[in-house]
Amino acid sequence: SVFDPGLEKITNIVIPSNTEVEVARQLGRWKIGSVRELGENEDLEGKLLAETVVKHFKLPVAAWADATALGFAEGDFLGIIKASLLHYKSNLGMGDRLKLGIYSIRIKNLKRDSIIFSEENILKKVTLIGGEEGYVLAGRLPNYIVALFSNPDISSEGATVIILDATGKANVAEEVGEVVEVMGVKIANIKKEEVADFDCEVKGKDKELLEEIAQVFSCKKLKVMPEGNFDLEIKIGKDFTKRY
């Protein structure tokens, strides 16, 4: 679900469980409905599903939670209370849950919407390996989907980013750039560097942007300014490719 404080709107995005996706961490292609269980088996819980949405759909998703958290989006008062106070698996802290609960109670049902990927020509029906019918992504996501994930506070400032690519692997930096641009940031340059054995580091002038990028890609935040005239510097190394 996407919570938009500016428009005071909650949008639920529904992806059919039999949609085939490229799973993060080089785990191959699976139906998205199986990725949560796969994450449990890999001791990653819901983090693997969030990382897979980032990798496959190029959407900047950082938060994850079990089904109880759907109460925030569905509008039922009891469901909101349960999502706010009950114990369930999530990377959301209690403070974040309480904020979401208060926000969700304030939103009228008229400002709750759902986008079902299988009904929007975003997916196409195919026969999956094994003969089962399912879906695959039809192409790039339409602008009205991408716009839901743009941070207006960040995009209005016209922030620029440089990506330093020390992965030694083709297209990884470009894919990271696609996700960052969805957030409303302009990729000013992608610079190839000598391959190095580290994961991911971010430097930035804008604290909000720095925090969002670090959360989406699980990067280390460095308390130094980026070189040049860039607002943010993302440096990715060889280890980053193992979990992207």
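Our subject is the structure that appears above.
A brief structural summary. Bear in mind that the values here come from a model prediction, so they are computed numbers and not experimental data.

1. Thoughts on the state of the cysteines
So, point 1. In the structure shown here, the tally under the stated rule is one disulfide.
So, point 2. Here cysteine 200 engages in a disulfide with cysteine 219; their sulfurs sit 1.7 Å apart. Torsion about the S-S bond of the cysteine 200 and cysteine 219 cystine: about 60°, corresponding to right-handed handedness. Taken together, the residues cysteine 200 in strand E10 (residues 200-204) and cysteine 219 in the loop between helix H9 (207-217) and strand E11 (220-222) connect sequence positions 19 residues apart.
So, point 3. Taking relative accessible area as the criterion, cysteine 219 reaches 10% and is therefore assigned buried.

2. Points about empty space enclosed by the protein
So, point 1. One pass over the structure, following the stated rule, counts one cavity of 30 Å³ or more.
So, point 2. The computed volume of the largest cavity comes to approximately 80 Å³.
So, point 3. Lining the largest cavity, in full, are Ala24, Glu51, Val54, Val216, Phe217, Ser218, Phe240, Arg243 and Tyr244.
So, point 4. For the lining of the largest cavity, the secondary structure elements donating two or more residues are helix H2 (47-57) and H9.
So, point 5. Residue classes in the lining of the largest cavity are distributed as six nonpolar, one polar and two charged.

3. Re the pattern of salt bridges
So, point 1. All chains considered together, the criterion is met by 19 salt bridges.
So, point 2. The salt bridge involving aspartate 239 is made with lysine 242; its shortest N-O contact spans 3.5 Å.
So, point 3. Lysine 242 sits in the exposed class, given a relative accessible area of 52%.
So, point 4. Through salt bridges with shared partners, one network takes in Arg36, Glu40, Glu45, Asp66 and Lys89.

4. Comments concerning a nonpolar patch on the surface
So, point 1. On the surface, Phe77, Leu78, Ile81, Leu85, Met94, Leu98 and Ile105 cluster together into a nonpolar patch covering about 650 Å² of accessible area.
So, point 2. Counting only elements with at least two residues in the nonpolar patch, the list comes to helix H4 (77-85) and helix H5 (94-106).
So, point 3. The element contributing the most residues to the nonpolar patch is H4, with four residues.

5. A closer look at the packing of helix H8 (residues 172-182) against H9
So, point 1. Where H8 contacts H9, the two axes come as close as 11 Å, and the packing angle between them is 130°. Judged on the interaxial angle alone, H9 and H8 are oblique. As H8 packs across H9, the resulting crossing turns out to be right-handed. Between H8, through Val176, Val179 and Val180, and H9, the contact on the second element is made entirely by Ile213, Val216 and Phe217.
So, point 2. The residue inventory of the contact of H8 with H9, partitioned by class, reads six nonpolar, no polar and no charged.

Definitions and cut-offs
Residues numbered from 1 in each chain as written. Predicted model: local features only at pLDDT ≥ 70, side-chain atom pairs only at ≥ 80, totals over all residues. Heavy atoms only, no water. Disulfide = S-S within 2.5 Å. Helix = DSSP H or I, 4+ residues; strand = E, 2+ residues; numbered from the N terminus. Buried < 20%, exposed > 50% of the residue type's maximum accessible area, 1.4 Å probe, protein only. 1 Å grid on protein atoms, 1.4 Å probe; cavity = no way out; pocket = protein on both sides within 12 Å on 5 of 7 lines; lining within 4 Å. Points joined across faces, edges and corners; volume = space filled by probe spheres on them. Nonpolar A, V, L, I, M, F, W, Y, C, P; charged D, E, K, R; others polar. Salt bridge = Lys/Arg side-chain N within 4 Å of Asp/Glu carboxyl O. Patch = residues over 30% accessible without salt bridge, like charges linked within 9 Å, V, L, I, M, F, W, Y side chains within 5 Å. Areas by Shrake-Rupley, 256 points an atom, 1.4 Å probe, with all protein chains shown as cover. Axes fitted to C-alpha atoms, helices over the stretch in contact; angles between N-to-C directions. Parallel < 35°, antiparallel > 145°, perpendicular 65-115°, else oblique. Left-handed = near helix turned anticlockwise from the far one by under 90°. Contact = heavy atoms within 4.5 Å.

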